[in-house]
Amino acid sequence: MGHLEIRNLHCSYGADDILKSVDLSVDRGEVVSLIGPSGSGKSTLLRSLIGLTPPRMGTVELDGEEINYRNRQSLRHLRDKMAIVFQQYNLFQNMNVFRNVTVAPLKIKKRDKGAVEKTATELLDRVGIGDKHQAYPDELSGGQQQRVAIARALALAPEILLLDEVTSALDPERVNEVLDVIRDLTRDGITMLIVSHEMSFVKEVSTRVAMMDAGSVVEVGPPEQIFDAPKEQRTRDFVGKILRH
Amino acid sequence: MFERIIEEAPRFFTYYNLMFVLGAMWRTLLMTLVGCSIGFTVGLGLAVLRRTSAAWLRPARYAAILYVETFRRIPFLVVLFIVLYFIQPIYSGASLLAIATVAVCLMSTAFLSEIIRAGLESVPRQQMESAEVLNFHPGQTLAWVILPQAWKVILPPAVAFVVMFVKDTSLASQLGVVELTYAGKILVNKGFSPLLGFGAILAAYFILSYPLSRLGAHLETRLGTSRNT
């Protein structure tokens with residue numbers, strides 16, 4: 001049994017079906033990257049998993065327990081274990097860096113202040129923002145903001161981390177500082193689902209890669225299979241296109 | 001004309017007249033501030049209500065929209081008379097000042113609610129999503145994330161509205177509330193020159209609204225630069 005079991009997941013925005021039957025099983029500690037053309041439903045799958053765009057049909061199991069996306073209690077339980085980092089960082093603009101990282105553990109989880117601040121300091125040191133605790137998001141570069149956002153997501157010690165195109169909004173020279181942080185995290189054994197267009201990075205850190213097209217997963221396999229010997233025609237087309245240049 | 005003013009001045013600037021104008025100023029201020037404070041609170045409630053999505057609140061949402069859209073389209077004077085004729089049969093002891101204040105509440109609720117709604121909407125939806133995935137309750141999201149960011153958008157037009165309403169309360173003189181405008185009429189009826197009578201009223205309105213505008217400007221710069229941590 002996997003850490004996360006996704007079966008026959010459907011999701012729609014209004015009348016548009018974005019996800020049409022997604023099946024994916026992710027084991028504990030795995031780093032699974034989602035690749036595929038834009039509009040294939042990669043980001044929607046992540047948003048759907050964490051309940052921001054609740055699925056219309058299908059099941060998601062976390063440690064064998066089915067998530068009920070219509071039940072607040074079940075959603076809270078899910079979000080205690082699962083965190084997401086967004087493309088646009090989405091830090092709370094009215095809070096400084098330190099507050100962004102500590103607000104949820106302190107105010108929502110009501111954890112001990114000393115312990116929370118210690119963890120936050122360690123996390124911010126780890127992502128290289130240790131010297132900017134008092135800065136506000138708009139005083140930081142995109143790469144710095146994204147690293148704070150990663151620290152914020154980790155502050156609740158999630159078991160599963162979803163990364164939704166976390167480098168897509170960054171200046172090219174800022175991409176690596178964020179990728180370095182993620183590379184570092186993959187050594188922790190936290191389960192990760194990554195949507196990324198940084199193919200060399202995906203190839204390097206993923207235990208498996210899932211190719212998505214038109215709202216479903218068309219092929220899953222180790223990076224060597226997906227990039228070097230894809231079985232499906234659509235994967236071959238997509239990989240051929242992106243590796244050509 | 002100036003001789004007349006000079007001649008009247010000693011009789012005009014008396015303790016009695018000063019207290020009379022101050023009393024009228026007080027009533028103008030009271031109607032505006034009490035009315036607009038309640039209006040702001042209820043308006044905030046309506047604005048938040050309109051952002052909810054729960055099905056069982058749908059009738060309440062429609063009622064809120066109906067209320068806001070109606071009262072924004074009625075002249076204040078009409079609201080004053082409606083409140084007067086509505087309240088008097090129910091509670092004949094109600095003072096005219098209280099009736100006028102209720103009318104200010106009704107009116108300012110509708111306008112301030114729209115101002116607050118626009119402010120809340122100026123905060124990007126992603127801020128709410130961030131809060132939601134961190135397990136914030138809707139109330140916590142509103143108090144800790146949305147409102148702190150919306151204040152600087154809400155405050156300038158809200159203060160401008162209140163300053164404008166200081167002037168609009170002059171319509172309450174039609175009900176017989178002795179606020180500034182009515183006080184001016186009384187002074188002139190007593191035989192003082194209109195220049196002197198309404199000149200004093202003009203000065204009083206200025207003294208009331210100028211500090212309010214300054215307060216607004218001050219809050220605006222303070223909110224623009226500082227943040228809560």
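Residues numbered from 1 in each chain as written. Chains lettered and ligands numbered in written order. Predicted model: local features only at pLDDT ≥ 70, side-chain atom pairs only at ≥ 80, totals over all residues. Heavy atoms only, no water.

Whenever I open this one, the overall build of chain A confuses me. Can you help?
For chain A, the helix and strand inventory stands at nine helices and 10 strands. In terms of C-alpha radius of gyration, chain A reaches 18 Å, essentially the compact-globule figure of 18 Å for 245 residues. Considered along the principal axes of its C-alpha atoms, chain A spans approximately 55 × 45 × 35 Å. Relative to its full complement of 245 residues, chain A shows a buried share of 58%. Nonlocal contacts in chain A, meaning residues at least 24 apart in sequence, comprise 66% of its contacts between residues at least 6 apart. (Helix = DSSP H or I, 4+ residues; strand = E, 2+ residues; numbered from the N terminus. Rg over C-alpha atoms; globule rule 2.2 N^0.38 Å. Buried < 20%, exposed > 50% of the residue type's maximum accessible area, 1.4 Å probe, protein only. Contact = heavy atoms within 4.5 Å.)

Even after reading the chapter, I still don't get the confidence of the model for chain B, so can you show me in this structure?
Any segment with low pLDDT has predicted coordinates that should not be analysed in fine detail. Of all residues in chain B, 97% have pLDDT values of 70 or greater, and the mean over the chain is 92. This prediction of the complex comes with two scores: 0.86 for pTM and 0.92 for ipTM. (pLDDT = per-residue confidence, 0-100.)

Just checking my understanding: could you explain the pairing of strand 7 (residues 160–164) of chain A for this structure?
In summary, the side chains of a regular strand alternate between the two faces of the sheet. Residue and element names in this part refer to chain A. With five of its five residues buried, strand 7 lies for the most part within the structure. What you see with strand 7 is no split at all: Ile160, Leu162 and Asp164 on one side and Leu161 and Leu163 on the other are buried throughout. Of the strand pairs in this sheet, strand 6 (residues 82–85) and strand 7 are connected by four bridges, and their pairing is parallel. Within strand 7, the residue paired with Met82 across the bridge is Ile160. Sheet analysis places strand 7 next to strand 8 (residues 191–195), joined by five bridges and oriented parallel. Within the sheet, the bridge partner assigned to Asp164 lies in strand 8 and is Val195. (Pairing = 2+ DSSP bridges.)

Even after reading the chapter, I still don't get helix 7 (residues 138–168) of chain B, so can you show me in this structure?
Given 3.6 residues per helical turn, the α-helix brings residues three or four places apart onto the same face. The end-to-end C-alpha distance of helix 7 of chain B is 36 Å, clearly below the 45 Å that 31 residues give at a rise of 1.5 Å each. Largest kink in helix 7 of chain B: about 50°, centred on B:Ile146, with the proline B:Pro148 one to four residues after it. (Expected span 1.5 Å × (residues − 1). Bend = angle between axes of the 7 residues up to and from the residue.)

When you look at the environment of B:Val188 in this model, what are you seeing that I'm missing?
Residue and element names in this part refer to chain B. Mapping Val188 onto the fold places it in helix 8 (residues 180–189). For the pair Val188 and Phe198, spaced 10 residues apart in sequence, the C-alpha to C-alpha distance is 7.8 Å. Leaving out residues up to four positions away in the same chain, Val188 has contacts with Pro194 and Phe198.

What exactly am I supposed to notice about the sheet that holds strand 7 of chain A here?
Working definition: the strands of a sheet are paired by backbone hydrogen bonds and lie parallel or antiparallel to each other. All names here are of chain A. Spatial ordering of the open sheet is given by 6-7-8-3-9-10, a layout of six strands whose pairing is mixed. With one partner strand each, in any of the chains shown, strand 6 and strand 10 (216–221) form the two edges of the open sheet. Strand-to-strand twist across the sheet, computed as the mean angle between neighbouring axes with direction ignored, equals 20°. The pairing of strand 9 (residues 208–213) with strand 10 spans five bridges and is antiparallel. Within strand 10, the position partnered with Asp213 by the bridge is Ser216. Of the strands in this sheet, strand 3 (31–35), strand 9 and strand 10 touch helix 9 (residues 233–243), which is tilted by about 100° from strand 9. (Axes fitted to C-alpha atoms, helices over the stretch in contact; angles between N-to-C directions.)

I would appreciate a short explanation of the pattern of salt bridges in the present structure.
A side chain with one charge may pair with a side chain of the opposite charge, provided their charged atoms come close. Residues and elements named next belong to chain A. Across all of its chains, the model carries 28 salt bridges over all chains by this definition. Residue Asp63 pairs with Lys81 through a salt bridge whose shortest N-O separation is 3.8 Å. Taken as a pair, Asp63 in the loop between strand 4 (57–62) and strand 5 (65–66) and Lys81 in helix 2 (residues 72–81) lie far apart in primary sequence, 18 residues in all. Given a relative accessible area of 28%, Asp63 falls into the partly exposed group. For Glu122, the salt bridge goes to Lys118, with nearest N and O atoms at 3.3 Å. (Salt bridge = Lys/Arg side-chain N within 4 Å of Asp/Glu carboxyl O.)

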